[in-house]
Amino acid sequence: MEYTKYILDENDMPKKWYNILPDMPTPLEPPLNPATNEPIKPEELEPLFARELIKQEMSDKRYINIPDEIKDIYKLWRPSPLYRASRLEKELDTPAKIYYKHEGVSPAGSHKPNTSIAQAYYNMKEGTERITTETGAGQWGSALSLACNYFDIECKVYMVQSSFYQKPYRKSLINLWGANVIPSPSNETQFGRKIQEDFPDTSGSLGIAISEAVEDAALNDNTKYALGSVLNHVMHHQTIIGLETQEQMKMAEDYPDIVIGCCGGGSNLAGIGLPFIKDKIDGNDLRVIGVEPSACPTLSAGEFRYDYGDMAKMTPLLKMHTLGYDFIPPAIHAGGLRYHGCSPIISQLVNEGLMEATNYHQIEVFEAGVTFARTEGFAPAPESSHAIKCAIDEALKCKETGEEKTILLNLSGHGHFDMTSYDKYFNGELGNE
Ligand SMILES: *Cc1c(COP(=O)(O)O)cnc(C)c1O
C-alpha cells in the first residue's frame, strides 16, 4: 500500500492566515445596521467584538500574521495530518485518489479551535473579562470554553435546549474547561423570557440562542460575544487548514481536482477551500464543493439576500444565502449544519460560480460515515460525513468514466460524541430528513 500520511514539521506551520476579501472578483456588500439599514460602522460593532477582530472582518490585507501566542497553542495539534484514503479507494474500486485533512485531532475534536483560540486571544489582549456565545450541538461551545480557559476569560454558553438534554457529554466537556453552560431559551435574558412566554413548548434554536448571547454581551460592559462561523474573520482564521494542505499536497506530489467540505455556516469549507479558490482565481482548474443536509439546504435552495443572523433581529443584516431568520430546521443528527444562513464570502462565491453546493439526506450520509469508519478507521462526525458522501459519489463517477481524479475532503471533526446517533442509524430509527 502507498505511503498514506503527510505530516508537516511544526516549524513549517503557516505563519499567516489568508484573507480572500481583496481577491474576491466583486467586493462583498457591507453588513447593515439592523435598526437603520445603513452600512454598519466599525465603532458600532465594538460593544460585541474586540477591535482587532472588527479590523480583520473588514481588512483588505491579503495575509494576516498569526501572533506567537496563538501559534504556540495551535502547535499542540497543528499542523494536522493529511491522509491518503487508500483503504476507502480500494473498497470503492475507484481510479480516483482520495485525500482527507483530519481536523478532528484538536482538543475539542473539530476545526473550531482554529478560530476560538484566536478570538479569545484578541479579547484577552483588549481586556475582555467575559465572553458569551451560543452553541447548537455543543462543538462551538466546547471549542470556545477550551480557548477562554487558556486565556483566563470567563465564558458563558447558551446551548440550544434540545441538545442540552440530548448531548450531555458535549455539555460536560464545556464544563470541564470551566465555562458556564445553560439551556436556551433561558430565563436569564429578556429575549429568552419572551420566547418562554410566547412558545412555552419550544426546544430552542440557534437563532434564539444567538439572540440571548448577543443581548447578554450588549448589556454587560466587560463582556463581548463570539461567533463560531459565518463572519469573515472566522473564515480567515480557518484558512490555516487549506494553507497546510497545499504544502502537504506538494509532499504528496499531487494537486486536487475537487475540494470538498461540509457546510453549516461555512467555516470548515472556507478553511480547506479558500486557499484553493485563490489558485482558481489565478487560473488553476479545480472545483470546490460545499455539502449540506437536504433538511437545511441554505446554499442549494436559500435566497441570496440581506437577512438577520438571529431570531430577535439584533445582529447586523448580512448579504448571504438564507432560508429566513425564523427558519427552524428539523432536528437532524448533524447539529452543526442546522443554521438558516451562511458565510457572506461563501455565499457570494457560490453565487459567482466559483464554488458549488450540493446536499444529501440523512441516511445516505450515515451510510457513508460507516463506510469511512470501516475502511479508514476514524469515526467521523455526522457533519463531516456529508463531505465523505460527496467524495464517495465523485470517486464512483470516476469509476464509471475511468478518470483518475484527485479528490480532497475536509474531515472537520470526529464523531466520538455522536454514538447515540450512530446507534439510531444501526437500529433503523433514523429519519431520512
Ligand atoms: C460546527 C461544525 C461544522 C459546521 O460548521 P461550519 O462553520 O460550516 O464549518 C462542521 N463540522 C464539524 C465537526 C463542526 O463541529
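Note that the structure is predicted; figures quoted are calculated from it, not measured. (Residues numbered from 1 in each chain as written. Predicted model: local features only at pLDDT ≥ 70, side-chain atom pairs only at ≥ 80, totals over all residues. Heavy atoms only, no water.)

*Asks:* Even after reading the chapter, I still don't get the pairing of strand β10 (residues 258-262), so can you show me in this structure?
*Replies:* Every regular strand shows the same layout, with side chains that alternate between the two sheet faces. Of all 5 residues that make up β10, 5 are buried, and the element is covered over most of its length. Here β10 shows a buried face lined by I258, I260 and C262 and a second buried face lined by V259 and G261. Where β10 meets strand β11 (residues 287-293), 5 bridges bridge the pair, whose relative direction is parallel. Note on β11: the bridge partner recorded for C262 is V291. Of the crossover connections in this fold, the one passing from β10 over helix α12 (residues 267-281) to the parallel β11 is right-handed. Of the strand pairs in this sheet, β10 and strand β15 (residues 406-411) are connected by 3 bridges, and their pairing is parallel. Across the sheet, residue V259 finds its bridge partner in β15, namely L408. (Buried < 20%, exposed > 50% of the residue type's maximum accessible area, 1.4 Å probe, protein only. Helix = DSSP H or I, 4+ residues; strand = E, 2+ residues; numbered from the N terminus. Pairing = 2+ DSSP bridges. Right-handed = clockwise from strand over helix to strand, strands pointing away.)

*Asks:* Teacher, can you tell me more about the UniProt feature "modified residue: N6-(pyridoxal phosphate)lysine" (unreviewed entry) in the chain here?
*Replies:* In the UniProt entry, the feature "modified residue: N6-(pyridoxal phosphate)lysine" (unreviewed entry) is given for K112. For K112, a relative accessible area of 14% puts it in the buried group. Not counting the four nearest positions on each side in its chain, K112 is found in contact with Q139, W140, A143 and Q238. (UniProt positions renumbered as here; feature names shortened; annotations may be inferred. Contact = heavy atoms within 4.5 Å.)

*Asks:* Honestly, the site of the ligand in this entry has me stumped. Any pointers?
*Replies:* As a structural note, the neighbourhood of the ligand is formed by 17 residues, with K112, S229, G264, S267 and S412 the closest of them. One of the side-chain nitrogen or oxygen atoms of S229 is found 2.5 Å away from an oxygen atom of the ligand. Note that an oxygen atom of the ligand is positioned 2.8 Å from one of the side-chain N or O atoms of N268. Here the ligand loses 97% of its free accessible area of 380 Å² to cover by the protein chains. Considering only residue class, the shell around the ligand consists of 3 nonpolar, 12 polar and 2 charged. Domain assignment of the residues forming the shell around the ligand places at least three in each of domain 1 (4-12 + 79-110 + 239-426) and domain 2 (17-39 + 48-65 + 112-232). (Near = heavy atom within 4 Å. Polar contact = N/O pair within 3.5 Å; in protein donor to acceptor, adjacent residues only side chain to side chain. Areas by Shrake-Rupley, 256 points an atom, 1.4 Å probe, with all protein chains shown as cover. Nonpolar A, V, L, I, M, F, W, Y, C, P; charged D, E, K, R; others polar. Domains from an automatic or database assignment.)

*Asks:* Explain the pattern of salt bridges to me, please; I cannot follow it from the model alone.
*Replies:* When the charged atoms of two side chains with opposite charge come close together, those side chains can pair. In the structure shown here, the tally under the stated rule is 24 salt bridges. Across the salt bridge formed by D198 and K194, the nearest N and O atoms sit 2.8 Å from each other. With D198 and K194 both in helix α8 (residues 190-198) and 4 residues apart, the pair spans about one turn of that helix. Accessibility expressed as a relative area gives 41% for D198, which makes it partly exposed. (Salt bridge = Lys/Arg side-chain N within 4 Å of Asp/Glu carboxyl O.)

*Asks:* I tried to follow the environment of S294 on my own but got confused; where do I start?
*Replies:* With respect to the secondary-structure elements, S294 resides in the loop between β11 and α13 (298-301). A sequence separation of 179 residues divides S294 from T115, and the C-alpha atoms of the two residues are 27 Å apart. Setting aside chain neighbours within four positions, we find S294 in contact with N359, Y360 and H361. A polar contact of 2.8 Å, which involves the side chain of S294, links it to the side chain of N359.

*Asks:* Would you mind going over the sheet that holds strand β8 (residues 180-184) with me for this structure?
*Replies:* Pairing between sheet strands relies on hydrogen bonds along the backbone, with the strands arranged either parallel or antiparallel. The 4 strands are arranged β8-β7-β6-β9 in an open sheet whose pairing can be described as parallel. Two strands close off the open sheet at either side, each with one partner strand: β8 and β9 (223-225). Averaged over all adjacent pairs, the angle separating strand axes in this sheet is 25 degrees, with direction ignored. Packed onto the sheet, helix α9 (residues 206-219) meets β6 (130-135), β7 (154-160), β8 and β9 and runs at close to 170 degrees relative to β6. (Axes fitted to C-alpha atoms, helices over the stretch in contact; angles between N-to-C directions.)

*Asks:* Is there a simple way to explain the packing of aromatic side chains in this structure?
*Replies:* Both the distance between ring centres and the angle between the ring planes are used here to describe each pair of aromatic rings. Under the defined criterion, the tally for this structure stands at 16 aromatic pairs. The interplanar angle of 50 degrees and the centroid separation of 6.3 Å between the aromatic rings of Y6 and Y99 together place this pair among those described as tilted. With Y6 in strand β1 (residues 5-6) and Y99 in strand β5 (residues 97-102), this pair connects stretches of sequence that are 93 residues apart. With respect to class, Y6 is no different from Y99; both count as buried. Aromatic side chains Y308 and Y325 sit 5.3 Å apart centroid to centroid with 80 degrees between the ring planes, which places their arrangement in the edge-to-face category. Of this pair, Y308 sits in the loop between β12 (303-307) and β13 (318-322) while Y325 sits in the loop between β13 and α14 (344-351), and the two are 17 residues apart along the sequence. Residue Y308 is classed as buried on the basis of its relative accessible area of 16%. The rings of Y83, Y100, F372 and F378 are connected pair by pair, giving a single aromatic cluster. The ring of F164 carries K171 above its face, with NZ or CZ at 4.3 Å from the centroid. (Phe/Tyr/Trp six-rings, centres within 6.5 Å; stacked < 30°, edge-to-face > 60°. Lys NZ or Arg CZ within 6 Å of the ring centre and 35° of its normal.)

*Asks:* Explain the side chain of H386 to me, please; I cannot follow it from the model alone.
*Replies:* With respect to the element layout, H386 can be found in helix α16 (residues 382-401). A relative accessible area of 4% means that H386 is categorised as buried. A polar atom in the side chain of H386 sits 3.0 Å from the backbone oxygen of P382. If we ignore the near neighbours within four places in the chain, the residues touching H386 are C262, V291, E292, P293, A334, L337, Y360 and V365.

*Asks:* Looking at this model, I keep getting lost on the nonpolar core. Mind explaining?
*Replies:* It is characteristic of soluble globular proteins that their nonpolar side chains tend to be buried jointly. I20, Y225, L274, I345, I346, L349 and M355 are the most contacted members of the largest nonpolar core, which totals 53 residues. For this core, the secondary structure elements donating two or more residues are β7, α9, α10 (232-238), α11 (240-251), α12, β13 and α14. Counting the residues that make up this core, at least three belong to each of domain 1 (4-12 + 79-110 + 239-426) and domain 2 (17-39 + 48-65 + 112-232). In contact with I345, other than residues within four places in its own chain, are I20, L21, M24, L28, N232, M235 and L274. (Core = buried A, V, L, I, M, F, W, Y, C linked by side-chain atoms within 4.5 Å.)

*Asks:* Honestly, unusual backbone geometry in this entry has me stumped. Any pointers?
*Replies:* Keep in mind that most residues, glycine aside, have a negative phi and that most peptide bonds are trans. In this chain, R78 is followed by P79 through a cis amide linkage whose omega measures -15 degrees. Structurally, the position occupied by P79 is in the loop between α2 (68-74) and β4 (82-84). Across the junction of S184 and P185, the peptide omega takes the value 5 degrees, indicating a cis bond. By secondary structure assignment, the location of P185 is in the loop between β8 and α8. Phi at K313 is positive, roughly 60 degrees, even though this residue is not glycine.

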